[in-house]
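So you can see what is in the structure, the chains are spelled out below.
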Amino acid sequence: EPEVTQTPSHQVTQMGQEVILRCVPISNHLYFYWYRQILGQKVEFLVSFYNNEISEKSEIFDDQFSVERPDGSNFTLKIRSTKLEDSAMYFCASSEWASGGIMYNEQFFGPGTRLTVL
Amino acid sequence: DAKTTQPNSMESNEEEPVHLPCNHSTISGTDYIHWYRQLPSQGPEYVIHGLTSNVNNRMASLAIAEDRKSSTLILHRATLRDAAVYYCILPGNQFYFGTGTSLTVIP
């Protein structure tokens, strides 16, 4: 069964450093998403991406964050200058395209990357 | 953000049915109702979704009230593997995961 994969599973970085989290969505999917979950808290939407541009973003997704689909398979989340509060589990998800967008299709989530900022 | 209300926690005995309720009194006519779950230390996992009619799949059933202001996720025979946090979501432009219902399955 196709699945979303994420690398690395755990990333440790120093405050102020740049990190890139990588995701390989399911191959025929066209919508891509990033979420984060701080330990013990809710899953929070960060951004959705379709047709090589951001569709929606939350207030969390500020100028420190960016997303990119550098090739036909990868989808990345970059945090330019990490802060302690960026420590969280980051989940990538993908869904098929459907007219009307996300309301009609299930999202498939990856296993997550645990980011620890020291 | 989607406006749903779920109980914080529920318990069920193994191999018994579980009914997980969700209230969404401000639902609009075009809002689909989605259910996801998150097992411990894993990413969210799709369970089921529907618009108006009751829906069944291999994982669960979704019963939607006639006025669509509430819905119930039904697990027909709870197993230990079903212990998870269950989220009822009305996606608008984004998915809003609330606190969900933490389901404990008792052996």
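Keep in mind the model is a prediction, meaning the values are calculated, not measured.

Engineer: What's the story with the side chain of His-24 of chain B in this structure? I'm lost.
Structural biologist: Residue and element names in this part refer to chain B. Structurally, His-24 can be placed in the loop between strand 2 (18-23) and strand 3 (33-38). Taking the relative accessible area as the measure of exposure, His-24 reaches 0% and is therefore buried. At a separation of 2.9 Å, a polar atom in the side chain of His-24 contacts the main-chain carbonyl oxygen of Arg-68. Side-chain polar atoms of His-24 contact the side chain of Ser-71, separated by 2.9 Å. His-24 has contacts with Lys-3, Thr-4, Ile-33, Arg-68, Lys-69, Ser-70, Ser-71, Cys-88 and Leu-90, leaving out every residue within four places of it along the chain.

Engineer: Any chance you could explain the pattern of salt bridges here in plain terms?
Structural biologist: A side chain of one charge can pair with a side chain of the opposite charge if their charged atoms are brought near each other. Residues and elements named next belong to chain B. Taken as a whole and assessed by the stated rule, the structure comprises four salt bridges over all chains. Notably, a salt bridge pairs Glu-45 with Arg-37, separated by 2.9 Å at the nearest N-O pair. Salt bridges here are not isolated pairs; linked through shared partners, they connect Arg-37, Glu-45 and Asp-82.

Engineer: Looking at this model, I keep getting lost on the interface of chain B and chain A. Mind explaining?
Structural biologist: Interface extent is often summarised as the accessible area lost during association of the parts. Contact residues are listed per partner, giving 21 residues for chain B and 18 residues for chain A. Of the roughly 1,700 Å² buried between chain B and chain A on both sides combined, carbon and sulfur atoms contribute 58%. The three residues of chain B that bury the most area against chain A are Gln-94, Phe-95 and Phe-97 of chain B, which together make up 28% of that side's buried surface. At the junction of chain B and chain A, the tally comes to zero salt bridges.

Engineer: What is the right way to look at the pairing of strand 8 (residues 75-79) of chain A in this model?
Structural biologist: As a general feature of sheets, a regular strand has side chains that alternate between the two faces. All names here are of chain A. The element strand 8 is largely enclosed, with a buried count of four among its five residues. Summarising the sheet, strand 3 (residues 19-24) and strand 8 pair through five bridges and their orientation is antiparallel. Bridging from a neighbouring strand, Arg-22 pairs with Thr-76 of strand 8. Alignment of strand 7 (residues 65-68) against strand 8, held across four bridges, turns out to be antiparallel. Across the sheet, residue Glu-68 finds its bridge partner in strand 8, namely Thr-76. Adjacent in sequence and paired antiparallel, strand 7 and strand 8 are bridged by six residues.

Engineer: What is the right way to read the state of the cysteines from this model?
Structural biologist: Among covalent bonds in proteins, the disulfide is the one between the sulfur atoms of two cysteines. Evaluation of the coordinates by the stated rule reveals two disulfides over all chains. Two residues, Cys-23 of chain A and Cys-92 of chain A, share a disulfide whose sulfurs are 1.9 Å apart. Disulfide Cys-23 of chain A-Cys-92 of chain A: torsion about the S-S bond near -65°, hence left-handed. A residue pair is termed long-range when its members are at least 10 positions apart, and Cys-23 of chain A in strand 3 and Cys-92 of chain A in strand 9 (residues 88-95) qualify at 69 residues. A relative accessible area of 0% places Cys-92 of chain A in the buried class. With its sulfur 2.1 Å from that of its partner, Cys-22 of chain B forms a disulfide with Cys-88 of chain B. Sign of the S-S torsion, about -80° for the bond between Cys-22 of chain B and Cys-88 of chain B, identifies this disulfide as left-handed. In this pair, Cys-22 of chain B sits in strand 2 while Cys-88 of chain B sits in strand 8 (residues 84-89), placing the two residues 66 residues apart along the sequence. Exposure class is identical for Cys-22 of chain B and Cys-88 of chain B. Each is buried.

Engineer: How should I be thinking about the packing of aromatic side chains in this particular structure?
Structural biologist: The relative placement of two aromatic rings is captured by the distance of their centres and the angle of their planes. Throughout the structure, instances matching the rule amount to 17 aromatic pairs over all chains. For the ring pair Tyr-31 of chain A and Tyr-50 of chain A, a centre distance of 4.7 Å and an interplane angle of 20° mean the geometry is stacked. One end of the pair, Tyr-31 of chain A, is in strand 4 (residues 31-37); the other, Tyr-50 of chain A, is in strand 5 (residues 43-50), and 19 residues separate them in sequence. The exposure class of Tyr-50 of chain A is partly exposed, given its relative accessible area of 25%. Centroid distance Tyr-36 of chain B to Phe-95 of chain B: 5.4 Å. Interplanar angle 75°. Geometry classified as edge-to-face. With Tyr-36 of chain B in strand 3 and Phe-95 of chain B in the loop between strand 8 and strand 9 (101-106), this pair connects stretches of sequence that are 59 residues apart. For Phe-95 of chain B, a relative accessible area of 1% corresponds to the buried category. By way of ring pairs, the aromatic residues Tyr-31, Tyr-33, Tyr-35, Phe-45, Tyr-50 and Phe-109 of chain A together with Tyr-36, Tyr-46, Tyr-87, Phe-95 and Phe-97 of chain B are connected into one cluster.

Definitions and limits used
- Residues numbered from 1 in each chain as written.
- Chains lettered and ligands numbered in written order.
- Predicted model: local features only at pLDDT ≥ 70, side-chain atom pairs only at ≥ 80, totals over all residues.
- Heavy atoms only, no water.
- Helix = DSSP H or I, 4+ residues; strand = E, 2+ residues; numbered from the N terminus.
- Buried < 20%, exposed > 50% of the residue type's maximum accessible area, 1.4 Å probe, protein only.
- Polar contact = N/O pair within 3.5 Å; in protein donor to acceptor, adjacent residues only side chain to side chain.
- Contact = heavy atoms within 4.5 Å.
- Salt bridge = Lys/Arg side-chain N within 4 Å of Asp/Glu carboxyl O.
- Buried area = accessible area lost by both parts, 1.4 Å probe.
- Pairing = 2+ DSSP bridges.
- Disulfide = S-S within 2.5 Å.
- Phe/Tyr/Trp six-rings, centres within 6.5 Å; stacked < 30°, edge-to-face > 60°.

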